[in-house]
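For reference, the chains in residue letters:
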Amino acid sequence: MSGKADPRTAGEGTTPRARLDRGRGALGPALELVHTGRAPTRAVLTAELGVTRATAGAVAAELEALGLIRVDARPGAADGSQGRPSHRLEVAEDGPVALAAQVHADGFRAALVGLGGRIVATAPGCETVDADPAKVLGSVVEAGAELLRTTGRRCVGAGLGVPSAVAEPDGLALNPLHLAWPVGAPVRRIFAECVRAAGIAGPAFAGNDVNLAALAEHRHGAGRGARDLLCVATGHRGVGGALVLDGRLHTGSSGLALEVGHLTVNPEGRPCHCGGRGCLDVEADPLALLIEAGREPGPEVSLLQQANDLLRTQYADPAVRTAAEALIDRLGLGLAGLVNILNPDRIILGGLHRTLLDADPERLRAVVADRSLWGQSGGVPILPCTLDHNSLVGAAELAWQPVLDDPLGALQ
């Protein structure tokens, strides 16, 4: 027999502390596996990390001691294997949270989000957005601080989503076209100052709302398992896009990649805020649908809700159907161009685009297939986003990332 020890069982007799010391570098990867639902049991965790059962057990115990996960002592089935049943792993329901904030053209919202993308509590915000970013961000942070006071949860940090490209490394909102904010507003710095002033612990981050939606969907929703994920979505106004490559957002050299709203899809179309004409931003957003259908936008609810309600309740109306088909064709044209350039393995659609997909999925898929080389070789799956408030969940992911990278360093 060989004298070599089996790496899967070597060290089983050593102390728990020694096993944890060897597995300390696995704490972050282990937490991310549980956080994204890819390690529902300790057996799966062991296999995914490539460590011994004892080391995986020590790592799980340490994460539980940090209040981040829960190890169910009642073993469950061994997930498709013939081995002994394994303990279940879940995120801790009463664990720490991240403060998530989102600002859009029709107001703002704050939420507390735990591991696993679970929204613990939300606070609706105002229905109008002031022209001063500091006033708006101060209000949304105070709403979040009140949630923290009410729930008594520990906060690991804060993340903000805005309807603008956010340039790096300075965190500037370069094109808040649907807000009255100044171009280049230092949103990350202002947000961080508001977070500190509210007495909230942890770092503060800011990002584009569709980028954050894509990140959340990739980790917890319709994009899970995709390698090259394209997300296109309407916010309350305009159109945004994002790309996740190998599990990470592709934001370009300075955070400005995937400004898909300014692809031209109708050269003779409406003037766009960017100075162009016929951009996806103004040809396939909620306001475009209402105008195309001959409906006067009202002040009672957001444009996004008005457009979604119109499609869901009046699609049989010929004017509404014709308007929807026009938007689907424009959206499909834009998606086909993106498919030709990016070759994603999955497309997910959010906001009004999700509702358009639900209304006539065959038409949209046919346009993309007809206009793209990828479509001629079988087509790319086009799916609806599945998470409620995915931009908020994505904003929280920014705040959770330091914990996922180094749980001990971030929490101790």
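In this text the structure is predicted, and so the values were computed from the model without any measurement.

Draft legend 1. Highlighting the overall build of the protein chain. Of regular secondary structure, the protein chain possesses 16 helices and 14 strands. Relative to a compact globule of 412 residues, whose C-alpha radius of gyration would be 22 Å, the protein chain shows 23 Å and is just as compact. Residue pairs in contact within the protein chain that sit at least 24 positions apart in sequence constitute 64% of those at least 6 positions apart. For the protein chain, the accessible surface area stands at approximately 17,700 Å², while carbon and sulfur atoms represent 51% of it. Separation between the mean location of the 38 positive side-chain charges and that of the 46 negative ones in the protein chain comes to 7 Å.

Draft legend 2. Seen up close, the sheet that holds strand 9 (residues 204-208). Spatially, 5 strands are ordered 5-4-3-6-9 in an open sheet, and the strand pairing comes out mixed. Two strands close off the open sheet at either side, each with one partner strand: strand 5 (119-124) and strand 9. Going across the sheet, the axis of each strand differs from the next one's by a mean of 20°, ignoring polarity. Sheet topology note: the strand 3 (residues 97-104)/strand 4 (residues 107-113) ladder contains 7 bridges and is antiparallel. Across the sheet, the residue bridging to A98 is V113, located in strand 4. Strand contacts of helix 5 (residues 133-151): strand 3, strand 4, strand 5 and strand 6 (155-162), with the helix running at about 30° to strand 4, the strand carrying the most contacts.

Draft legend 3. Inspection of unusual backbone geometry at higher detail. Residues E168 and P169 are joined by a peptide bond in cis, for which omega reads 10°. Here P169 shows up in the loop between strand 7 (166-167) and strand 8 (172-173). A positive phi is found at N343, a non-glycine position, where the angle reads about 50°. Relative to the helices and strands, N343 resides in the loop between helix 11 (318-342) and strand 13 (346-350).

Draft legend 4. Main features of the domain arrangement of the protein chain. In terms of domain boundaries, the protein chain breaks down into domain 1 (25-72 + 87-92), domain 2 (97-211 + 391-411) and domain 3 (224-386). Between the C-alpha centres of domain 1 and domain 3 there is a distance of 38 Å.

Draft legend 5. View of the packing of helix 11 against helix 13 (residues 361-371). Close contact between helix 11 and helix 13 brings their axes to 8 Å; oriented N to C, the two are set at 40°. Of the possible angle classes, the one that applies to helix 11 and helix 13 is oblique. In the crossing of helix 11 with helix 13, the sense of the turn from one axis to the other is right-handed. Every residue of helix 13 that contacts helix 11 at E325, I328, D329, L331, G332, L333, L335, A336, V339 and N340 is listed here: R363, L364, V367, V368 and R371. Its residues placed into classes, the contact of helix 11 with helix 13 shows 9 nonpolar, 2 polar and 4 charged.

Draft legend 6. Structural view of helix 4 (residues 53-65). Taking 1.5 Å of rise per residue, the 13 residues of helix 4 would be expected to cover 18 Å, and the 18 Å separating its terminal C-alpha atoms lies within 8% of that figure. Listed in full, the buried residues belonging to helix 4 are A54, T55, A56, G57, A58, V59, A60, E62 and L63. G67 sits one or two positions beyond helix 4 and adopts a positive phi of about 80°.

Draft legend 7. Examining the sheet that holds strand 10 (residues 228-234) more closely. The 5 strands are arranged 12-11-10-13-14 in an open sheet whose pairing can be described as mixed. In this open sheet, the two edge strands, each paired with only one partner strand, are strand 12 (248-249) and strand 14 (382-384). Along the sheet, helix 11 contacts strand 10, strand 11 (239-245) and strand 13; its crossing angle with strand 10, the most-contacted strand, is approximately 155°. Contacting strand 10, strand 11, strand 13 and strand 14, helix 12 (residues 352-359) runs over the sheet at an angle of about 110° to strand 13.

Draft legend 8. Quick look at the environment of V260. Locating V260 in the fold gives a position in the loop between strand 12 and helix 8 (280-283). Judged by relative accessible area, which is 3%, V260 ranks as buried.

Draft legend 9. Structural context of the side chain of H178. In this structure, H178 sits in the loop between strand 8 and helix 6 (187-197). A polar contact of 3.2 Å, which involves the side chain of H178, links it to the side chain of D281. Residues in contact with H178, not counting those within four places in the same chain, are A105, R237, G238, H273 and D281.

Draft legend 10. Quick peek at the nonpolar core. Counting residues in each nonpolar core, the largest one holds 38 residues, and the members touching the most others are L31, L45, L63, L68, I69 and W400. Two domains each put at least three residues into this core: domain 1 (25-72 + 87-92) and domain 2 (97-211 + 391-411). Residue contacts for L68: discarding those within four places in its chain leaves L31, L63, V91, A92, P96, L115, W400, V403, P407 and L411. In this structure, A307, Y315, V320 and L338 belong to the second largest nonpolar core, which totals 37 residues.

Draft legend 11. Region of the structure containing the pairing of strand 6. Most of strand 6 sits inside the fold, with 8 of its 8 residues counted as buried. Taken together, the 5 bridges between strand 6 and strand 9 define a ladder with parallel strand orientation. Paired with L160 across the bridge in strand 9 is A206.

Draft legend 12. Here's a closer look at the packing of helix 5 against helix 6. Where helix 5 meets helix 6, the closest approach of the two axes is 9 Å, and the angle between their N-to-C directions is 40°. The orientation of helix 5 relative to helix 6 falls into the category oblique. Note that helix 5 runs across helix 6; the crossing there is right-handed. Between helix 5 and helix 6, the contacting residues are P133, A134, L137, G138 and V141 on the first element and V187, I190, F191, C194 and V195 on the second.

Reading the values: the criteria
- Residues numbered from 1 in each chain as written.
- Predicted model: local features only at pLDDT ≥ 70, side-chain atom pairs only at ≥ 80, totals over all residues.
- Heavy atoms only, no water.
- Helix = DSSP H or I, 4+ residues; strand = E, 2+ residues; numbered from the N terminus.
- Rg over C-alpha atoms; globule rule 2.2 N^0.38 Å.
- Contact = heavy atoms within 4.5 Å.
- Areas by Shrake-Rupley, 256 points an atom, 1.4 Å probe, with all protein chains shown as cover.
- Lys, Arg positive; Asp, Glu negative; His and termini not counted.
- Charge placed at Lys NZ, Arg CZ, Asp CG, Glu CD.
- Pairing = 2+ DSSP bridges.
- Axes fitted to C-alpha atoms, helices over the stretch in contact; angles between N-to-C directions.
- Domains from an automatic or database assignment.
- Parallel < 35°, antiparallel > 145°, perpendicular 65-115°, else oblique.
- Left-handed = near helix turned anticlockwise from the far one by under 90°.
- Nonpolar A, V, L, I, M, F, W, Y, C, P; charged D, E, K, R; others polar.
- Expected span 1.5 Å × (residues − 1).
- Buried < 20%, exposed > 50% of the residue type's maximum accessible area, 1.4 Å probe, protein only.
- Polar contact = N/O pair within 3.5 Å; in protein donor to acceptor, adjacent residues only side chain to side chain.
- Core = buried A, V, L, I, M, F, W, Y, C linked by side-chain atoms within 4.5 Å.

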